[in-house]
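Close look at the chain arrangement
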Amino acid sequence: MSKYYQPEIETMPYEEMRKLQDERLVAQVKHVWDNVPYYRKKMEEKGVTPDDIKGVDDLHKLPFVTKDDLRECYPYGLLAAPLKDCVRIHSTSGTTGKRVVAFYTQKDIDLWEDCCARAITAVGGTDEDVCQIAYGYGLFTGGSGMHGGSHKAGCLTLPMSSGNTDRQLQFMVDLGATIICCTPSYAAYLAESIEEQGIRDQIKLKAGIFGAEAWSESMRKDIENKLGIKAYDIYGLTEISGPGVSFECEEQTGMHVNEDHFIPEIIDPETHEVLPLGEKGELVFTSISKEAFPLLRYRTKDICVLSREKCSCGRTLIKMAKPMGRSDDMLIIRGVNVFPSQIEEVLIEVGGGDITPNYLIKIDRINNTDTFDLDVEMSEEMFSDDVKSIAKVENAIKDKLRSILGLGVNVHLVNPKTITRSEGKAKRIIDNRNI
Amino acid sequence: MLVKQVSAFIENKAGRLNEIADTLAKNNIDISALSLADTTDYGIVRMIVCDPEKAVLALRESGVVCKITETLAIAIDDAPGGFAKGLKALTDNGIEIKYMYACISHEKGKALMILSVDDPQKADALLASTDAGKVNPSEIYRHI
Ligand SMILES: [Zn+2]
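What you see is a predicted model, and the numbers here were worked out from it, not measured in a lab. (Residues numbered from 1 in each chain as written. Chains lettered and ligands numbered in written order. Predicted model: local features only at pLDDT ≥ 70, side-chain atom pairs only at ≥ 80, totals over all residues. Heavy atoms only, no water.)

Here's the deal with the interface of chain A and chain B
Here is the rule we go by: By definition, residues are in contact when any of their heavy atoms lie within 4.5 Å. Computed with a 1.4 Å rolling probe, the buried area is the accessible surface lost when two parts are put together, summed over both parts. Only one rule defines a salt bridge in this text: a Lys or Arg side-chain nitrogen within 4 Å of an Asp or Glu carboxyl oxygen. Numbering of helices and strands starts at the N terminus; helices are DSSP runs of H or I of at least 4 residues and strands are runs of E of at least 2.
Contacts between chain A and chain B engage 18 residues on the former and 23 residues on the latter. Looking only at chain A, the three residues that lose the most surface to chain B are Phe383, Asp385 and Asn415 of chain A, adding up to 41% of its buried area. For the pair chain A and chain B, the number of links is one salt bridge. Here Glu380 of chain A makes a salt bridge to Arg60 of chain B, at a shortest N to O gap of 2.9 Å. Only α11 (387-405) and β20 (410-414) of chain A provide two or more residues apiece to the side of chain A that touches chain B.

Given below as structure tokens:
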């Protein structure tokens with residue numbers, strides 16, 4: 001078996017890929033112009049017609065699509081193919097009540113499953129493997145996407161769906177699962193249960209593909225150590241297709257985007273300007289092959305970096321970093337973009353425990369300068385009977401944040417349980433600036 | 001002799017030290033020695049108490065971060081030169097003292113000191129044969 005599922009695409013020289021993208025984009029723009037009145041209106045408002053789009057270089061001329069558009073168009077407003085050609089829907093919960101419904105033709109399902117098969121093949125999945133799908137099945141895309149991908153990659157597929165940990169472990173042992181697909185938090189839970197039941201030596205897992213949730217590098221290391229596997233990241237969203245929009249290869253340094261179907265861009269979330277490769281900003285996707293629900297320039301709100309550096313796996317597909325946070329959560333302090341997730345990574349590393357110490361970011365503006373304070377709840381792991389050791393912890397937090405953000409922060413260690421928690425999730429930011 | 005010290009984290013805010021004292025009082029835990037090391041933001045309370053395990057449980061229960069560390073209690077003569085004499089076995093062997101504080105003593109002519117060093121076991125062995133090492137445990141872990 002090849003190490004690639006579709007080598008001709010996955011290792012295609014960039015110039016060829018660009019040509020393919022140009023052709024598909026031109027056709028896609030025409031397709032939505034002809035079939036989706038909502039799109040036509042949006043384009044007309046921006047003064048763009050399909051004639052203006054001759055290739056990827058013209059992509060920036062197109063209007064953006066946001067979650068608000070999806071809400072407004074619920075359920076059929078963005079449908080670009082006749083309903084009789086659609087064979088399935090998937091759905092995801094919207095932020096304010098109404099769900100997003102995405103439609104798929106058989107061709108859309110096929111190309112999506114191809115993307116998932118690329119991801120499974122990239123972690124070593126072949127017809128010798130047993131792939132346990134422990135994502136939820138149903139409206140959620142996780143289960144069925146990876147399920148179809150596993151079929152295409154030739155694995156024996158265990159359609160477990162999520163939950164029922166005892167049954168998961170029984171099948172994992174009895175049927176010798178070698179690859180597991182689930183959320184990272186469920187993987188961590190499975191790892192703990194395996195440890196508790198003392199069945200680690202009966203587990204044949206070699207790889208895991210974990211997505212649909214934010215997770216950190218330290219969590220990756222923890223899962224890898226506990227399960228004795230390689231843990232790979234996968235990225236996707238229902239609006240674009242589902243899991244497999246991008247996937248990690250053996251290098252584990254970012255995810256290859258299936259750019260023959262989905263063109264990524266990075267934009268400045270404030271000015272909407274397209275940013276050059278390597279710069280951090282909001283990730284935007286354009287679906288260039290899908291028939292039923294092809295979103296153009298969909299703003300994901302994920303903050304991310306793209307890179308076209310050569311990858312040792314041989315794939316030429318562009319890579320995206322693990323999203324660093326949501327543009328909704330982004331703070332701008334002294335002109336620097338700051339995400340709570342960056343602070344969490346540092347606190348987990350310094351705290352040495354499994355859980356993030358509770359924290360509170362406090363920002364104010366004094367004499368036209370932003371002040372940046374961070375309260376961190378003291379934990380048993382960070383505490384010591386001598387001042388020097390505690391000062392070391394304090395300085396480690398400061399130094400690491402300074403090197404990651406390039407910002408000085410005042411760290412205050414506070415008594416445990418003194419930072420208010422609301423519904424389990426603490427209110428992490430107090431921004432007192434009046435801008 | 002080796003003694004178990006309870007140390008606890010406190011923010012520099014009014015009433016924090018009181019909360020700790022209250023918790024110990026409610027649990028009937030007697031304090032023989034106490035010192036406070038503080039910085040601008042926080043402090044560390046170090047205590048020798050009659051029942052360290054019970055104290056730690058009670059403090060944790062009340063939401064205080066605390067721990068037990070091994071420290072040394074030494075007896076010194078309550079007279080000029082007594083302090084230097086008591087520490088001689090440690091200074092002669094190059095053992096550095098991280099911090100120290102005084103403890104209540106009921107024996108006439110003697111003072112008790114609590115010491116923190118990197119290797120308490122080694123320090124204890126060095127002191128064992130000296131006068132400084134002669135400490136009556138009931139003096140430290142006093143039960144009422
Ligand atoms: Zn690669």
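Additional details are given in the paragraphs that follow.
Regarding the nonpolar core
If you look at soluble globular proteins, the nonpolar side chains tend to sit buried side by side. Stated formally: We call a set of buried residues a nonpolar core when its members are Ala, Val, Leu, Ile, Met, Phe, Trp, Tyr or Cys and they connect through side-chain atoms within 4.5 Å of each other. To sort residues, take the accessible area from a 1.4 Å probe on protein chains only and compare it with the maximum for the residue type: under 20% means buried, over 50% means exposed, and anything in between is partly exposed.
Judged by nonpolar contacts, the single largest core of 75 residues is most densely connected at Met146, Phe285, Leu295 and Met320 of chain A. Ranked by residues supplied to this core, first place goes to helix α5 (residues 106-122) of chain A with nine residues. Sequence-distant contacts of Met146 of chain A, that is, excluding residues within four places in its chain, are made with Cys116, Ile120, Ile133, Tyr135, Cys181, Ile209, Ile234 and Pro243 of chain A. The next biggest cluster of nonpolar side chains, apart from the first, holds 29 residues, and it includes Leu347, Phe372 and Val393 of chain A together with Phe9 of chain B.

Focus: unusual backbone geometry
Apart from glycine, the bulk of residues carry a negative phi angle, and the bulk of peptide bonds sit in the trans form. With an omega of -5°, the peptide bond between Tyr74 of chain A and Pro75 of chain A qualifies as cis. With respect to the helices and strands, the residue Pro75 of chain A is situated in the loop between α4 (67-72) and β1 (86-92). At Asn28 of chain B, a position not held by glycine, the phi torsion is positive, near 60°. Mapping Asn28 of chain B onto the fold places it in the loop between α1 (16-26) and β2 (31-38). Overall, Asn28 of chain B belongs to the exposed group, its relative accessible area being 57%.

Some details on empty space enclosed by the protein
This is how the line gets drawn: Any residue with an atom within 4 Å of a point lines the site, the site being either a cavity, points on a 1 Å grid over the protein atoms alone where a 1.4 Å probe fits but cannot get out, or a pocket, an open set with protein on both sides within 12 Å along at least 5 of 7 lines. Grid points are joined across faces, edges and corners, and a volume is the space filled by probe spheres set on the points. Here the nonpolar group is Ala, Val, Leu, Ile, Met, Phe, Trp, Tyr, Cys and Pro; Asp, Glu, Lys and Arg are the charged ones; every other residue, Gly included, is treated as polar.
Across all of its chains, the model carries two cavities of 30 Å³ or more by this definition. A volume near 60 Å³ is recorded for the largest cavity. In terms of lining, the largest cavity is formed by Leu70, Cys73, Tyr74, Pro75, Leu78, Arg99, Val100, Val101 and Phe293 of chain A. When its residues are assigned to classes, the lining of the largest cavity shows eight nonpolar, no polar and one charged. In this structure, the second largest cavity encloses a volume near 40 Å³. Ala75, Ser105, Glu107, Lys110, Ala111, Leu112, Lys134, Val135, Asn136 and Glu139 of chain B are the residues that line the second largest cavity.

A few points about the environment of Gly351 of chain A
On the secondary structure map, Gly351 of chain A appears in helix α10 (residues 340-351). With near-sequence residues (within four places) excluded, Gly351 of chain A lies in contact with Glu381 and Met382 of chain A.

Describing the sheet that holds strand β3 (residues 42-49) of chain B
Residue and element names in this part refer to chain B. Which entries qualify depends on this criterion: Think of it this way: DSSP has to see at least two bridges between two strands before they count as a pair. Here, axes are lines fitted to C-alpha atoms. For helices the fit covers the stretch in contact, and angles between N-to-C directions go from 0 to 180 degrees.
Reading across from one edge, β2-β3-β1-β4-β6-β5 is the order of the six strands in this open sheet, with antiparallel pairing throughout. Of all strands in the sheet, those with a lone pairing partner are β2 and β5 (97-103), marking the two edges. Ignoring strand direction, the axes of neighbouring strands in this sheet form an average angle of 35°. The sheet contact formed by strand β4 (residues 66-77) and strand β6 (residues 110-117) spans six bridges and is antiparallel. Residue pairing in the sheet places Ile76 in a bridge with Ala111 of β6.

A look at the sheet that holds strand β11 (residues 281-287) of chain A
Residue and element names in this part refer to chain A. An order of β10-β11-β12-β15 is seen for the four strands of this open sheet, with the pairing classed as antiparallel. Bordering the open sheet on either side are β10 (262-267) and β15 (325-326), each of which pairs with just one other strand. Pairing of strand β12 (residues 298-304) with β15 involves two bridges; the strand directions are antiparallel. Bridge pairing links Ile303 to Gly325 in β15.

Considering the domain arrangement of chain A
All names here are of chain A. Basically, it comes down to this: Where each domain begins and ends is defined by an automated method or by a domain database.
Each assigned domain of chain A is listed here: domain 1 (7-327) and domain 2 (332-431). Relative to domain 2, the C-alpha centre of domain 1 lies at a distance of 32 Å. The interface is formed by nine residues belonging to domain 1 together with seven residues belonging to domain 2. Regarding the contact of domain 1 and domain 2, the summed buried area is about 640 Å², with carbon and sulfur atoms giving 51% of it. For the pair domain 1 and domain 2, the number of links is zero salt bridges.

Here's the deal with the state of the cysteines
Heads up, the condition is: Note on terminology: pairs of cysteine sulfur atoms within 2.5 Å are recorded as disulfides.
This structure, assessed with the given rule, holds zero disulfides over all chains. With no disulfide of its own, Cys86 of chain A lies 15 Å from the sulfur of Cys73 of chain A, the closest cysteine sulfur. With relative accessibility at 15%, the residue Cys86 of chain A sits in the buried group. Residue Cys66 of chain B stays outside any disulfide, its sulfur separated by 15 Å from that of Cys50 of chain B, the closest cysteine. Assessed through its relative accessible area of 1%, Cys66 of chain B is described here as buried.

So, the coordination of the zinc ion
Residues and elements named next belong to chain A. The test is simple: Keep in mind that water is not among the atoms, so a site may look incomplete; donors are the N, O and S atoms within 2.8 Å of the metal, or 3.2 Å for Na, K and Ca. Under the classification used here, a metal with four donors is tetrahedral if each angle lies between 85 and 135 degrees, square planar if opposite donors are over 155 degrees apart and the others between 65 and 115, a six-donor metal meeting that same test is octahedral, and anything else is irregular.
All of the protein donors around the zinc ion are Cys249 (SG), His256 (NE2), Cys311 (SG) and Cys313 (SG); their distances to the metal are 2.1 to 2.3 Å. Around the zinc ion sit four donor atoms, and with donor-metal-donor angles ranging over 102 to 114° the site reads as tetrahedral. Spacing between the donor residues of the zinc ion along their common chain follows C-x6-H-x54-C-x1-C. On the criterion of sequence distance, the pair formed by Cys249 in the loop between β8 (243-248) and β9 (255-257) and Cys313 in the loop between β13 (306-307) and β14 (319-320) is long-range, its members being 64 residues apart. In terms of burial, Cys249 and Cys313 fall into one category: buried.

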